[in-house]
Amino acid sequence: MAETTEGLLARLDRLGIAHRTVRHAPVFTVAESQALRGDLPGAHTKNLFLAPAKGEGPHMLATLEEHRQISVNALARAAGWPRVRMGDAAALAALLGVVPGSVTPLALVNAPPGSVRFVLDRALAEAPGLVWVHPLTNDTSTGLAVRDLIRFLEHLRHEVAVLDAELPAA
């Protein structure tokens, strides 16, 4: 059974990971989420759930700085992945336990180690202050220090790869 938002936040608390969580109207795109910026200072993300184009191998999750413009295959090349396509809603629900619009690195709490490859944009890895992500639903945002996000994912036994800041634009 997939983790709930409350269960996820309780896990962060048990690990001593400081976080700030804010409820808001559901947001499905970066553009919709930008209306929240006054209440959520820090770095903001977009998340891409990807599948291997030929259907072989694990799915992939990329957490990027919200304004990053890059083709998914340029992203895949930079991460050392095969050619990719956007992952479908059924795989998203099965692997990460979330629905489209709620993709987040915190959803790796629902994925067995090694089942989803993960990369983090260097711009986020080096961001001061909070990095904002959804805690499994798109009607809530959680800000935490990037070092704590990485620590949480490593606690779950997910490898965190950091992408080079010099990715080509889309």
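Residues numbered from 1 in each chain as written. Predicted model: local features only at pLDDT ≥ 70, side-chain atom pairs only at ≥ 80, totals over all residues. Heavy atoms only, no water.

Asker: Could you give an account of the environment of L8, with specific residues and numbers?
Answerer: Secondary-structure assignment places L8 in helix α1 (residues 5-14). In this structure L8 comes out as buried when scored by relative accessible area, which is 0%. The spatial distance from the C-alpha of L8 to the C-alpha of V109 is 7.7 Å, given a sequence separation of 101 residues. Sequence-distant contacts of L8, that is, excluding residues within four places in its chain, are made with E3, L106, V109, P135, L136 and F152. (Helix = DSSP H or I, 4+ residues; strand = E, 2+ residues; numbered from the N terminus. Buried < 20%, exposed > 50% of the residue type's maximum accessible area, 1.4 Å probe, protein only. Contact = heavy atoms within 4.5 Å.)

Asker: Tell me about unusual backbone geometry, and please be specific about residues and values.
Answerer: One non-glycine residue with positive phi stands out, namely L136, at about 90°. Turning to its location among the elements, L136 is positioned in the loop between β6 (130-133) and β7 (140-145). Judged by relative accessible area, L136 falls into the buried class, the value being 8%.

Asker: Explain α1 residue by residue, including any values.
Answerer: For α1, the set of buried residues is T5, G7, L8, L9 and L12. Residues of α1 that are buried sit in contact with β1 (20-23), β7 and α6 (146-155). Once α1 finishes, G16 follows within two positions and takes phi at roughly 75°, a positive value.

Asker: Describe the nonpolar core, and please don't skip the residues or the numbers.
Answerer: In terms of nonpolar packing, the biggest core is built from 34 residues, with L96, L108, F152 and L153 touching the most fellow members. No other element matches α6, which puts 5 residues into this core. Apart from residues no more than four positions distant in its own chain, F152 is found in contact with L8, R11, L12, L15, I17, L106 and V109. Counting 13 residues, the second-largest nonpolar core is a separate cluster that includes M60, L64, L75 and A76. (Core = buried A, V, L, I, M, F, W, Y, C linked by side-chain atoms within 4.5 Å.)

Asker: Mind laying out the side chain of N138, listing which residues take part and the relevant values?
Answerer: Tracing the sequence through the fold places N138 in the loop between β6 and β7. Owing to a relative accessible area of 9%, N138 belongs among the buried residues under this scheme. There is a polar contact of 2.9 Å between the side chain of N138 and the backbone oxygen of V27. (Polar contact = N/O pair within 3.5 Å; in protein donor to acceptor, adjacent residues only side chain to side chain.)

Asker: Which residues make up the side chain of T45, and what values go with them?
Answerer: Mapped onto the elements, T45 comes out in strand β2 (residues 43-52). From its side chain, T45 meets the backbone oxygen of W132 in a polar contact 3.0 Å long.

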